[in-house]
Each structure stands twice: as C-alpha cells, then as structure tokens.
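Breakdown of the fold
For reference, the chains in residue letters:
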Amino acid sequence: MREHRDGVHDVLVVGAGVAGLYAIHTARQAQLDVVCLEAGDGVGGTWYYNRYPGCRCDVESIDYSYSFDDELQREWRWSERYATQPEILAYLNHVAQRFDLLPHIRFRERVEQAHFSAQESVWTIRTASGNTYRARNVIFATGSLSTPNIPALPGASDFAGEVYRTAQWPDTSPSFEGKRVAVIGTGSSGIQTIPMVAREAASLTVFQRTANYSVPAFNRPLTDEDYKRIVRDYPERRRNARVSGGGSPHQAHPQNATEVTAEERRAAFEATWRTGGVLFSKTFPDQNIDHTANKYAREFFEEKIRDIVRDPDIIDDLIPTDHPIGAKRICTDTGYYETFNRDNVALVNLRREPIEAVTSSGIRTRAAHYEFEVIIYATGFDALTGTLQRIDIRGAGGTRLGDLWRNGPVTYLGMHIPGFPNMFVVNGPGSPAVLANMILTSEQQVGWIIDLITHCAQTGVQQVEARRDSAEKWTEHVTELANSTLLPLANSWYVGANIPGKPRTFMLYCGGLGNYTTICEDVKAAGYEGLVLMTRSHQWAS
Ligand code: NAP
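Conventions used here
Residues numbered from 1 in each chain as written. Predicted model: local features only at pLDDT ≥ 70, side-chain atom pairs only at ≥ 80, totals over all residues. Heavy atoms only, no water. 1 Å grid on protein atoms, 1.4 Å probe; cavity = no way out; pocket = protein on both sides within 12 Å on 5 of 7 lines; lining within 4 Å. Points joined across faces, edges and corners; volume = space filled by probe spheres on them. Nonpolar A, V, L, I, M, F, W, Y, C, P; charged D, E, K, R; others polar. Domains from an automatic or database assignment. Near = heavy atom within 4 Å. Polar contact = N/O pair within 3.5 Å; in protein donor to acceptor, adjacent residues only side chain to side chain. Areas by Shrake-Rupley, 256 points an atom, 1.4 Å probe, with all protein chains shown as cover. Helix = DSSP H or I, 4+ residues; strand = E, 2+ residues; numbered from the N terminus. Axes fitted to C-alpha atoms, helices over the stretch in contact; angles between N-to-C directions. Parallel < 35°, antiparallel > 145°, perpendicular 65-115°, else oblique. Contact = heavy atoms within 4.5 Å. Expected span 1.5 Å × (residues − 1). Buried < 20%, exposed > 50% of the residue type's maximum accessible area, 1.4 Å probe, protein only. Pairing = 2+ DSSP bridges. Right-handed = clockwise from strand over helix to strand, strands pointing away. Salt bridge = Lys/Arg side-chain N within 4 Å of Asp/Glu carboxyl O. Buried area = accessible area lost by both parts, 1.4 Å probe. Core = buried A, V, L, I, M, F, W, Y, C linked by side-chain atoms within 4.5 Å.

**Details of empty space enclosed by the protein**
The probe, sized like a water molecule, is rolled over the atoms to show the empty space still left. Applying the stated criterion to the full structure yields six cavities of 30 Å³ or more. Each pocket or cavity is described by its volume, and for the largest cavity that value is around 130 Å³. Around the largest cavity, the lining comprises 15 residues; the ones closest to its centre are Val59, Gly246, Ser248, Val278 and Leu279. Residue classes in the lining of the largest cavity are distributed as six nonpolar, five polar and four charged. For the lining of the largest cavity, the domains that each give at least three residues are domain 1 (9-145 + 383-541) and domain 2 (214-226 + 244-377). Around the second largest cavity, the lining residues are Pro409, Thr411, Pro429, Gly430, Trp474, Thr475, Val478, Thr479, Thr505, Phe506 and Met507.

Now the structure itself:
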C-alpha cells in the first residue's frame, strides 16, 4: 500500500458499496494511496442496508457481478438466477477480502462536510465522529438510492407498535407471526416485501398510493449445466452487456411493436414475460418511445394480471392507468399478485381514501381506522441528489453544491460538477446509473475517473473540473433524450416527483450504457474535452 504524503491522500472514496469497493481496488492498481469512509458497520452499501424479507436483485446474478477479474467471475457460484440480498452481501464481502480492500476502509465514518481549498488543491473531509481527512481527489460513491424517504405523516411518532423501514431493516429480522401488519408503498421494495410478510402475519394491509407494474421473476436455482454454459459464454455475454442499453446481454426484438403482426407481437411479449421481470420493458425497441407500442405492452400486462388475481374488486385497483408501462422501472416479483388472493391480505387504495394520520394503534384514512401491531414503510428514496445534498459540500470559492443544484442537478457526464475540482461522482445524476446494470456502470465510471486522476498526476495537472458550459450542455442533452421517450410521463423518483418540493427534472442519462461509454471514451480521446485541467503553474492546460 502506498503511504500518503503530508497527511494528504491521493484519493478519498466515500461509500464502500459496489462502486466504492471497485474504486479502492482500481486506485490501488494505479499505485494511488486511497482511503474509503463508510457510514455503516460493513461493506455493501445498498445491499448492506436493504435487508428486508424477499430482497433480491432484479438483474440476473451472473450479470449483476463484477466483470473486472476473470478468476473471480469463474470461481464465484451464484445459487439462483436472481440473487437474494444475503448472497449479494456475502459476494461483496468476499470481493473485499479477496482483493484486500478492508485495510483501506474506515467504518462508522459518516461524511458530513467536504470543503475544497483552491490554494492547496486539497479537499478536507469531516465526519460525524469528529475526524478530519485530507485528499487531493474525492470520489463520491454514495449510491443513487441511499437516503430513505420517510413521509411526514401526521401522528407518525404516536404509533405505539413496531415500525420498520425497508431501507434500514434491522440485522435480526423481526417476527410477524400473529401480528396485524401494514405496508405503506408498492414500489420494488414493497412488492418484494409484501408476499413474504403475508405468509407470516395474522393479517397484512397494503396501503397503495399508485398501482405499479410488476412482472414475475421466474426465478430458479442455477444448475451445473447452467454453469457450464455460463462459464463458456461469459466473455461474449459481458461484451454484449457493455455495448447494450441496460448492461445486460438481452436484445430487443429486431422490429418495432408497431411494425409486426398481432400474432408476432403476442409471441414476443410472451417470450420476454417468461424471461421475467424488468426485461419485459425491453421487448420492442419502440416500447418506451411510442404510445401505441406501449399500449400493446400494457394490454398484454393487464391480461396477465387479470388471470392471476381472483377478487374483481381488487384487480382494477392493482392495474396502473396513470403512467405508461416502463416509465417507472418495472418491478420484478415472486408471487406479488397472487398474494392478493390470500384471505389474510387486504388492499387500501390511497387515491380513494388518503391517509389522514397515524394513530397510537394504527392508520386512519379518510374512510376508516385500521388497527396494527406493525407498520412497514417501503416508501422509497430521495434518489440521486438526496445523499450528496445532505452533505455540506463546498467547491472552489466556497460554492455550495446545494445552491448550484437548487433548480435540479447540473453535471458533466454525471461524474463532474462545475466549480468542484477534483471531485467525482459515480452513478450520479446525468449518468445511466440505475437505468443500467449498476455493477457494470460502476466499473465503467470508476475506471474512467481513475484514468483521469492518473493522467492528471502524470502530467502535473493540479485541478480538474467540468467547464460550466459543457455541464449545462450535457444536462440539456440528458433532458432532451428523456423527452424523446415516455419515461418522464410517470411521477417517479427519476424526476424527483416522490419528494415534496424537489425540482422536477429527469435526472438519468437514458441513451444506454453502450452509447454513454462511447461518449466517455471520445471525450478522453479528445484530451478530456469539456474539462478544465489546470497545471501546477496555474496555466489552463485544456
Ligand atoms: P419507490 O419505487 O419510490 O416506491 C415507493 C413507494 O412508496 C411508492 O409506491 C410510493 O407511492 C409510496 N409512497 C411514497 N410516499 C408515500 C406516502 N407519503 N404515502 C403513501 N405512499 C407513499 O421506492 P422502492 O420501492 O424502494 O424502489 C426504488 C428503486 O430501488 C426501484 O425503482 C429500483 O430501482 C430499486 N430497487 C430495486 C430492487 C430490485 O433490484 N429488485 C428492489 C428494491 C428497490 P407513489 O408511487 O404514489 O409515489
């Protein structure tokens, strides 16, 4: 390990999740001295905190795994098509040990402040425990979905029973046996939690504000035969995934939904339905762009759900009518809709009877009072900007990130922020992030950032930051791309609609991982076009 000079690290990484672990590894490979600050007690980030029952990844495990090390890839054996949270967490711990990353991580260090000194070209980082760190470069690998959204419901603190949040689940999972349980929220987290809790609880009441689209995972164990094929095909699978839109090797139908016959369309939808989960949104290339194509997909979905749910009063409430299918990430479930056929499960439609208050013994809506022993909040996250904006980040001249982003995030390539030299964000706003496989997006962005840091160190560049006009242009491009699709039409966390007062702006690059990678490589080949590289003699180098 290279020792830091003058108490100043080459690289400080915030967060020891998927991106942070890879940042430590890559920085070390580049002979940089690196330290990582992690708020939690262990590695894993999102997979450390989201321990709720039923938690799994909605990307196939063989794709949702690091690709940087061939031996790791061949030796690690996933037990199922879609890995559970404990298995993913075990994998990330294995990676941390295998590549000797733990000595670089300081656990229980929550970053509260990051201030840049333009004179020294050094970041000073302060943590909640009172410690101070200094570094030439800071990489925020703080995740896209890491600050939970807990709605300020009147009377919430009066509830005398047990309260849980899917995003901050206790280490030892509670028992729901014999208890009346409420789940608020029907996003991916709620949809995974609900079937598990229903099996155990005396009764489960689901409080749904917006019906969601969910497609069964068709999960299954991976066999020896599967593994022979996987190991054989891995290089090609990874190549295809890296140039794809979503970071997985699956291809959409070669024609548009609007160009094929009704029979061909049905066969294609049936095939991706059986592939399972979120991949259904990728059946046809025009499905997320064209209203008619989307309507076909929606009708197919509706037919399937009407076949599963028996109670006609519940079916209509479970089928979304207010946003196109795929405009929010399609959920991937195991027995979600079937859960509503159980005698111990009820659905409350909050559009008809909004929550008025939480009481000491339950939840009061406009129509009734419901009694519970347990309330589970599955109410999502202040995504993409929430975590960074809660840290007091000040760039050159004391510019506050919160001020710069008051009307929405502005970034260059999602990784650079004008006025914040030597600061980098992984999976930030303006990058593909959760629209693609987060492990591959993390590898691509971290690799790019560490290359840039190395380039700066080798060429005497002291400060690197985005030009303001390049960041504005990139952010406009991100918005224009989104507006050419149906994605902004849902009130999703993609546009910040789930957080009261958050500026409405589509925050993700939706041009796909492959195109994004090409753009980043072109920027690099053009001498880091769009960035300002300042040398030691304070001359503009680019
Ligand atoms: P989410 O999609 O934002 O869902 C939050 C749910 O809570 C929504 O149903 C929302 O209703 C509801 N809600 C929020 N505030 C409420 C309030 N005041 N009153 C009543 N209901 C309220 O959050 P999530 O389920 O945690 O998922 C977020 C993202 O995490 C996913 O899109 C996915 O990218 C990722 N994720 C992935 C997996 C996986 O890989 N399988 C699992 C979990 C999460 P509205 O829709 O009306 O706002």
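And the narrative resumes.
**Quick word on the site of the ligand**
Taken together, 25 residues sit near the ligand, with Arg56, Ser189, Gln192, Arg209 and Thr210 positioned nearest. In this structure, Arg56 approaches the ligand through a main-chain N or O atom, which is 2.9 Å from a nitrogen atom. When isolated, the ligand has an accessible area of 910 Å², and the protein chains bury 88% of it. With three residues, helix α5 (residues 188-200) is the largest single contributor of residues to the shell around the ligand. Here the shell around the ligand is composed, by residue class, of nine nonpolar, 10 polar and six charged. Mapped onto the domain boundaries, the shell around the ligand takes at least three residues apiece from domain 1 (9-145 + 383-541) and domain 2 (214-226 + 244-377).

**A few points about the layout of surface pockets**
Estimates place the volume of the second largest pocket at around 780 Å³. Along the walls of the second largest pocket sit 32 residues, with Gly245, Gly246, Lys282, Asn288 and Cys510 positioned nearest its centre. Here the lining of the second largest pocket is built from residues that sort into 15 nonpolar, 14 polar and three charged. Counting the residues that make up the lining of the second largest pocket, at least three belong to each of domain 1 (9-145 + 383-541) and domain 2 (214-226 + 244-377).

**Here we look at the packing of helix α6 (residues 224-243) against helix α15 (residues 513-525)**
Contact geometry of α6 with α15 gives a least axis separation of 5 Å together with a crossing angle of 75°. The angle between α6 and α15 places the two elements in the roughly perpendicular class. For the pair α6 and α15, contact is made by Ala241, Arg242 and Val243 and by Leu513, Gly514 and Thr517, respectively. Among the residues forming the contact of α6 with α15, the class breakdown is three nonpolar, two polar and one charged.

**Quick notes on α15**
Relative to the 18 Å expected for 13 residues at 1.5 Å per residue, α15 spans 18 Å between its end C-alpha atoms, a close match to the ideal helical length. Among the residues of α15, Leu513, Gly514, Tyr516, Cys520 and Val523 are the ones counted as buried. On its buried face, α15 sits against α6, α13 (438-459) and α14 (468-483). Just downstream of α15, Gly527 is the residue with a positive phi angle, here 75°.

**Notes on the pairing of strand β8 (residues 180-184)**
Note on strand geometry: in a regular strand, side chains alternate between the two faces of the sheet. Across the five residues that make up β8, a large majority, four, are buried. In terms of strand pairing, β8 meets strand β9 (residues 203-208) through five bridges, oriented parallel. Across the sheet, Val181 pairs through a bridge with Leu204, a residue of β9. For the crossover that starts at β8, traverses α5 and ends in the parallel β9, the hand is right-handed. Where β8 meets strand β16 (residues 374-377), four bridges bridge the pair, whose relative direction is parallel. Bridge pairing in β16 places Val181 opposite Val374.

**Considerations on the pattern of salt bridges**
Any two side chains of opposite charge can pair, given that their charged atoms come close. If you walk through the whole model with that rule in mind, you get 35 salt bridges. A salt bridge links Arg237 to Asp63; the shortest N-O distance between them is 2.7 Å. Residue Arg237 is located in helix α6, and its partner Asp63 is located in the loop between α2 (46-49) and α3 (70-75); the two are separated by 174 residues in the primary sequence. The residues Arg237 and Asp63 share a single accessibility class, namely buried. Asp70 serves as the salt-bridge partner of Arg74, at 3.2 Å between the closest nitrogen and oxygen. With a gap of four residues between them, Arg74 and Asp70 both fall in helix α3, about one helical turn apart. On the basis of relative accessibility, which here comes to 41%, the residue Arg74 falls in the partly exposed class.

**Quick notes on the domain arrangement of the protein chain**
For the protein chain, the assigned domains read domain 1 (9-145 + 383-541) and domain 2 (214-226 + 244-377). Distance from the C-alpha centre of domain 1 to the C-alpha centre of domain 2: 30 Å. Across the boundary between the two partners, domain 1 contributes 30 residues, which contact 33 residues of domain 2. Here domain 1 meets domain 2 over a buried area of about 2300 Å², counting both sides, of which 50% is carbon and sulfur. A per-residue breakdown of the area domain 1 buries against domain 2 is headed by Asp58, Arg81 and Leu486, which together make up 30% of the total. The tally of links from domain 1 across to domain 2 stands at two salt bridges.

**Details of the nonpolar core**
Within the largest apolar cluster, 146 residues are counted, with the highest numbers of intra-cluster contacts made by Tyr66 and Ile393. Sorting elements by how many residues they give to this core places α13 first, with nine residues. Not counting residues up to four positions away in its chain, the partners in contact with Ile393 are Ala114, Trp123, Phe140, Leu388, Thr399, Arg400, Leu401, Phe420 and Met423. If you look at the next biggest cluster of nonpolar residues, it comprises 13 residues, including Leu350, Ile355, Val358 and Phe372.

**A look at the pairing of strand β4 (residues 111-117)**
As paired strands, β4 and strand β5 (residues 122-127) are joined by six bridges and run antiparallel to one another. If you follow Phe116 over to β5, its bridge partner there is Trp123. Counting the residues that bridge the hairpin from β4 to β5 gives four residues, and of these Ser121 lies at a positive phi of roughly 55°.

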